[in-house]
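Single-letter residue listing:
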Amino acid sequence: MRSIGRRFAGATVLALLAALSGPAWADPAAADGQATLGLSAVLNGQTAPLTGGVRWRVFSAKTEEDGSHALIVESNLAEPTLTLPPGDYVVHAAFGLASAAKRLTLGPEVRTERLPIAGGGLKIGGVIGDQAIDPSKLSLAIYVPVGRNPEGKLVDAKAKAGDIVGLPEGNYHVVSTYLDTVGGRFLAGAAPSPNGKSAAPAPPATIPSNSIVSADIKVASGKLTDVTLRHRCATLTVKLVNKPGGEALANTTFTVLTPGGDVIRELIGAFPSLVLAEGEYAVIARHDGKTYQSTFQVDTGIDRDVEVVAQETSQGTGQEAPQDAPNAAGKEQD
């Protein structure tokens, strides 16, 4: 009896284990007839998968009447897990301008695929002096040189500083423009609204400054190229004052020019600011029908005020000045 009892107990335990372990080890994809596909991408020559900047698209392998392939699903996750019906597919991974594709036949299974991408990564940053530039203040454009023209073909006009841009191996030309923030602070006052009340100041916008730098870059497959571009510029605040160190005069219009007379920017207000590349400039200030002007120097990383002194000369009372012929600093024009 004891022997029969032990055999019965052992059979019960085995049956219980089978009941518990069967569902736990069953393939969940096979149970509902679907395929579970895990995807990742890696640059050629690297072992670590990409952690961002990858765009996945899965197409039907069947060709439509117009020659295209129907898009089944897409994802911007670096390593997505997709559920698909069994069938034939084309999986496409794009990392910036570099990409890879693979044809797959899926059954009711759990499967992982890692696609190697033939390309490299390019990361661009900027500095002024020793200070890093906020990525939002840089506008980047990436070109492929054609012949002797470094900007022969624009391939990316929306690259963001600090991000890794995927590119096929090759030579590139990068142009970085420092963006100047303008808006309500550049205006003499907010415009009234239709109901007679003052409207809220316009939200800040960005416009290109004249601080533009470029570099020729070589991107190697499977490698990250980290580039830092050095801008030589500063932020200047212009003022019209009755005497040095005096209070800024409101309702003044300023025109900033190069020594050759090319207009850089026109500003309105008591003390508007702007970003300028390193170099020499002239500024013309107009106030109460009179015109004054001054010259000044911009040094990299030195933000400062530029004062135009409203000083009359013995020759006249302030006639309009020709913009292409600036006179000495702080003098009123005849």
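Above this note sits the structure.
Residues numbered from 1 in each chain as written. Predicted model: local features only at pLDDT ≥ 70, side-chain atom pairs only at ≥ 80, totals over all residues. Heavy atoms only, no water.

Draft legend 1. Molecular detail of the sheet that holds strand β1 (residues 35-43). Spatially, the 3 strands line up as an open sheet ordered β4-β1-β7, and their pairing is mixed. Lying at the two open borders of the sheet, with one neighbouring strand each, are β4 (81-84) and β7 (110-117). This sheet shows a mean twist of 30° between the axes of neighbouring strands, independent of strand direction. Summarising the sheet, β1 and β7 pair through 8 bridges and their orientation is parallel. Looking across to β7, one finds that valine 42 is bridged to proline 116. (Pairing = 2+ DSSP bridges. Helix = DSSP H or I, 4+ residues; strand = E, 2+ residues; numbered from the N terminus. Axes fitted to C-alpha atoms, helices over the stretch in contact; angles between N-to-C directions.)

Draft legend 2. Quick peek at the sheet that holds strand β22 (residues 304-309). Strands sit in the order β19-β16-β22 across an open sheet of 3 strands; the sheet is mixed. Each edge of the open sheet is held by one strand with a lone partner, namely β19 (273-277) and β22. Neighbour-to-neighbour, the strand axes of the sheet open up by a mean angle of 40°, direction not taken into account. Of the pairings in the sheet, the one linking strand β16 (residues 233-241) to β22 comprises 6 bridges and is parallel in character.

Draft legend 3. Expanded view of unusual backbone geometry. The backbone of asparagine 251 shows a phi angle near 55°, a positive value even though the residue is not glycine. Within the secondary structure layout, asparagine 251 lies in the loop between β16 and β17 (253-257). With relative accessibility at 56%, the residue asparagine 251 sits in the exposed group. Even without being glycine, aspartate 288 reaches a positive phi, approximately 50°. Along the chain, aspartate 288 falls in the loop between β20 (279-287) and β21 (290-298). The class of aspartate 288 is exposed, set by a relative accessible area of 67%. (Buried < 20%, exposed > 50% of the residue type's maximum accessible area, 1.4 Å probe, protein only.)

Draft legend 4. Fine view of the pairing of β4. Taking every second residue as pointing to the same face, the buried face of β4 carries Leu82 and Leu84, while none of Thr81 and Thr83 on the other face is buried. Bridge analysis of β1 against β4 gives 4 bridges, and the strand direction is antiparallel. Along β4, the bridge assignment pairs alanine 35 with leucine 84.

Draft legend 5. Focus on the pattern of salt bridges. If you walk through the whole model with that rule in mind, you get 7 salt bridges. Across the pair glutamate 74 and arginine 57 runs a salt bridge, and its minimum N-O distance is 3.8 Å. Here glutamate 74 is found in strand β3 (residues 69-75), whereas its partner arginine 57 is found in strand β2 (residues 54-63), with 17 residues between them in sequence. Residue classification places glutamate 74 among the partly exposed positions, given a relative accessible area of 40%. Accessibility expressed as a relative area gives 21% for arginine 57, which makes it partly exposed. We note a salt bridge from glutamate 113 to arginine 111, for which the minimum N-O separation is 3.0 Å. Of the residues examined, glutamate 113 reaches a relative accessible area of 11% and is grouped as buried. Relative accessible area serves as the criterion here: at 23%, arginine 111 is assigned to the partly exposed category. (Salt bridge = Lys/Arg side-chain N within 4 Å of Asp/Glu carboxyl O.)

Draft legend 6. Spatial organisation of the nonpolar core. Core analysis: the largest hydrophobic core is formed by 22 residues, its most contacted members being Leu122 and Ile142. Per element, the largest residue contribution to this core is 4 residues, and it comes from strand β14 (residues 205-219). With residues near it in sequence (within four places) discarded, leucine 122 still touches Ile142, Asp163, Ile164, Val165, Leu167, Val174, Ile217, Val219, Leu224, Thr225 and Val227. (Core = buried A, V, L, I, M, F, W, Y, C linked by side-chain atoms within 4.5 Å. Contact = heavy atoms within 4.5 Å.)

Draft legend 7. Broad picture of the packing of aromatic side chains. Under the defined criterion, the tally for this structure stands at 1 aromatic pair. Between tyrosine 281 and phenylalanine 296, the ring centres sit 5.8 Å apart and the planes meet at 25°, which makes this aromatic pair stacked. Residue tyrosine 281 is located in strand β20, and its partner phenylalanine 296 is located in strand β21; the two are separated by 15 residues in the primary sequence. Neither tyrosine 281 nor phenylalanine 296 differs from the other in exposure class; each is buried. (Phe/Tyr/Trp six-rings, centres within 6.5 Å; stacked < 30°, edge-to-face > 60°.)

Draft legend 8. Structural view of the side chain of serine 176. Among the secondary structure elements, serine 176 is positioned in strand β13 (residues 170-182). A polar side-chain atom of serine 176 sits 2.8 Å from a polar atom in the side chain of histidine 231. Residues within four places of serine 176 in sequence aside, it is in contact with Leu138, Ser139, Leu140, Ser211, Ile212, Val213, Leu229 and His231. (Polar contact = N/O pair within 3.5 Å; in protein donor to acceptor, adjacent residues only side chain to side chain.)

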